[in-house]
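Descriptive structure summary
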Amino acid sequence: EIAFITVYSLEFVLKLRIFGCKGYFCGKEAGWNWFDFTCLLLSYVDIAVYYAVVLVLRRNGQTDLSSLMLIKIFRLSRLIRLVRLVR
């Protein structure tokens, strides 16, 4: 997952440098660019929350990460919602 986020981050930075902020967010493909940007931000939030939860669980002496199932369910619901929006 981190590899994909790294690639998408590089793509975002390159597009931003090529088109500039105005061209990227208000240009010809602004809708798709906003979608990509939103997905990238949500991915960063997802990773931050995941590692924060893992850190807290390990600090409390728990090694069972089954409580992270709720986060996976939220990720799945986000994907379903995005698919509905794209239609």
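Let me begin by describing the structure that accompanies this report. It should be emphasised that the depicted structure is a prediction, and the values quoted were computed from it without experimental measurement.

Calculation rules
- Here the residue numbers are simple positions, counted from 1 along each chain's written sequence.
- Side-chain atom pairs in this predicted model are given and counted only at pLDDT of 80 or more, local residue features only at pLDDT of at least 70, and totals for whole chains, interfaces and linings cover all residues.
- The basis for every side-chain value is the complete set of non-hydrogen atoms in the structure, without hydrogens or water.
- Helix numbering and strand numbering both begin at the N terminus, where a helix is a DSSP run of H or I of at least 4 residues and a strand a DSSP run of E of at least 2.
- How far a helix is expected to stretch is found by multiplying one less than its residue total by 1.5 Å.
- We define a nonpolar core as any set of buried Ala, Val, Leu, Ile, Met, Phe, Trp, Tyr and Cys residues linked to one another through side-chain atoms lying within 4.5 Å.
- Between buried and exposed lies partly exposed: a residue is buried under 20% and exposed over 50% of the maximum accessible area for its type, with that area taken using a 1.4 Å probe on protein chains only.
- Axis definition: a line fitted to C-alpha atoms, limited for helices to the stretch in contact. Angles are taken between N-to-C directions and run from 0 to 180 degrees.
- By definition in this entry, angles of less than 35 degrees are roughly parallel, angles greater than 145 are roughly antiparallel, angles of 65 to 115 are roughly perpendicular, and the rest are oblique.
- In this scheme the handedness of a crossing depends on how the near helix is turned from the far one: anticlockwise by less than a right angle means left-handed, clockwise means right-handed.
- Only heavy atoms matter for contacts: two residues are in contact if any of them lie within 4.5 Å across the pair.
- For this analysis, a polar contact is any N or O atom pair within 3.5 Å, provided that within protein one partner can donate a hydrogen and the other can accept it, and provided that sequence-adjacent residues contribute only side-chain to side-chain pairs.
- We call Phe, Tyr and Trp rings a pair once their centres come within 6.5 Å, taking the six-membered ring for Trp, and we label the pair stacked below 30 degrees between planes, edge-to-face above 60, and tilted otherwise.

**Considering helix α2 (residues 30-59)**
Its 30 residues give α2 an end-to-end C-alpha distance of 43 Å, which sits within 8% of 44 Å, the value for a rise of 1.5 Å per residue. Downstream of α2 by a residue or two, Gly 61 has a phi angle that is positive, lying close to 85°.

**Considering the nonpolar core**
Ile 5, Phe 12, Tyr 24, Phe 25, Leu 40 and Ile 47 together form the largest nonpolar core, which totals six residues. Taken together, the elements giving at least two residues each to this core come down to α1 (2-26) and α2. For this core, the leading source of residues is α1, giving four residues.

**Details of the packing of α1 against α2**
α2 packs onto α1 with a crossing angle of 140° between their chain directions and a minimal axis gap of 10 Å. Here α1 is positioned oblique relative to α2, judged by the angle of their axes. Helix-helix and strand crossings are classified by hand; for α1 and α2 the assignment is left-handed. Mapping the contact onto sequence places Ile 2, Ile 5, Tyr 8, Ser 9, Phe 12, Lys 15, Tyr 24, Phe 25 and Cys 26 in α1 and Ala 30, Asn 33, Trp 34, Asp 36, Phe 37, Leu 40, Ser 43, Tyr 44, Ile 47 and Tyr 51 in α2.

**Thoughts on the side chain of Ser 9**
Within the fold, Ser 9 resides in helix α1. Polar contacts involving the side chain of Ser 9 include one to the side chain of Tyr 44, which spans 2.4 Å.

**Remarks on the packing of aromatic side chains**
Applying the stated rule across the entire model yields eight aromatic pairs. Geometrically, the ring pair formed by Phe 12 and Tyr 24 is edge-to-face, given 5.4 Å between the ring centres and 80° between the ring planes. Since its relative accessible area comes to 15%, Phe 12 is described here as buried. Overall, Tyr 24 belongs to the buried group, its relative accessible area being 2%. Geometrically, the ring pair formed by Trp 34 and Phe 37 is edge-to-face, given 6.0 Å between the ring centres and 85° between the ring planes.

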